[in-house]
Amino acid sequence: MFWSKRETASDSTTPRAEKAAAEAEKLYRSGTMNCAEAVVMAIRNSFRPDIPAAVLRMAGGFGGGSGSGCICGAVAGGTMAFGLVVEDDPQKVKRLTRELHRWFKDQYGATCCRIILQTHKKVCPELTGKVAGKVAELLS
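Presented here is an overview of the structure given in this document. (Residues numbered from 1 in each chain as written. Predicted model: local features only at pLDDT ≥ 70, side-chain atom pairs only at ≥ 80, totals over all residues. Heavy atoms only, no water.)

**Observations concerning helix 7 (residues 124-139)**
And then number 1: Taking 1.5 Å of rise per residue, 16 residues should cover 22 Å, and helix 7 covers 22 Å from first to last C-alpha, within 8% of that figure.
And then number 2: The element helix 7 is extensively covered by neighbouring structure, given that 14 of its 16 residues are classed as buried. (Helix = DSSP H or I, 4+ residues; strand = E, 2+ residues; numbered from the N terminus. Expected span 1.5 Å × (residues − 1). Buried < 20%, exposed > 50% of the residue type's maximum accessible area, 1.4 Å probe, protein only.)

**A closer look at the nonpolar core**
And then number 1: Counting 41 residues, the largest nonpolar core has Ile43, Phe104, Leu127, Val131 and Leu139 as the members making the most contacts within it.
And then number 2: Those elements that place two or more of their residues in this core are helix 1 (15-29), helix 2 (35-47), helix 4 (73-85), helix 5 (90-108) and helix 7.
And then number 3: Considering each element in turn, this core owes the most residues, nine residues, to helix 2.
And then number 4: Once residues lying within four places of it in the same chain are set aside, the contact partners of Phe104 are Cys72, Val75, Gly109, Ala110, Thr111, Ile116, Leu127 and Val131. (Core = buried A, V, L, I, M, F, W, Y, C linked by side-chain atoms within 4.5 Å. Contact = heavy atoms within 4.5 Å.)

**Focus: the pattern of salt bridges**
And then number 1: Applying the stated criterion to the full structure yields five salt bridges.
And then number 2: Across the pair Arg48 and Asp50 runs a salt bridge whose closest N-O atoms are separated by 2.8 Å.
And then number 3: Salt-bridge contacts for Lys134 lead to Glu137; the nearest nitrogen and oxygen are separated by 3.1 Å. Residue Lys134 and its partner Glu137 are located together in helix 7, separated by three residues, close to a single helical turn. There is no split in this pair, since Lys134 and Glu137 are both buried.
And then number 4: Through salt bridges with shared partners, one network takes in Arg48, Asp50 and Glu87. (Salt bridge = Lys/Arg side-chain N within 4 Å of Asp/Glu carboxyl O.)

**Digging into unusual backbone geometry**
And then number 1: Its identity is not glycine, yet Asp88 carries a phi of approximately 55 degrees, on the positive side.
And then number 2: Its location among the elements puts Asp88 in the loop between helix 4 and helix 5.
And then number 3: Look at Asp88 and you get exposed, because its relative accessible area is 80%.

Given below as structure tokens:
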């Protein structure tokens, strides 16, 4: 494990967060979705199943650091998921997004896909699940 901050038993996770994390990781590992899509779908399924699944298409280009290695696709998917769940409160979406970015940087050292993958190969499935779990936790 390479986290810069170790998670402890006192870290709060909810059953909804655990479910979203497991689902996102499974979707990513299935090879049918990239990291951004898996996070959006898991959060949609947990919080807004009334939204058509077709909304997932908006996340398609964000996997693999938007195809260029920049912002982590899972983080981008989490940001999109906040917008799906939090209605009519753009300030809350911004606050949650900042919180997600702070948490992610604390856990992984950077939000740049390319930087993370330089030293931590094959971390994407687990990372995708953890991001979905954190997004669900922040939304709960």
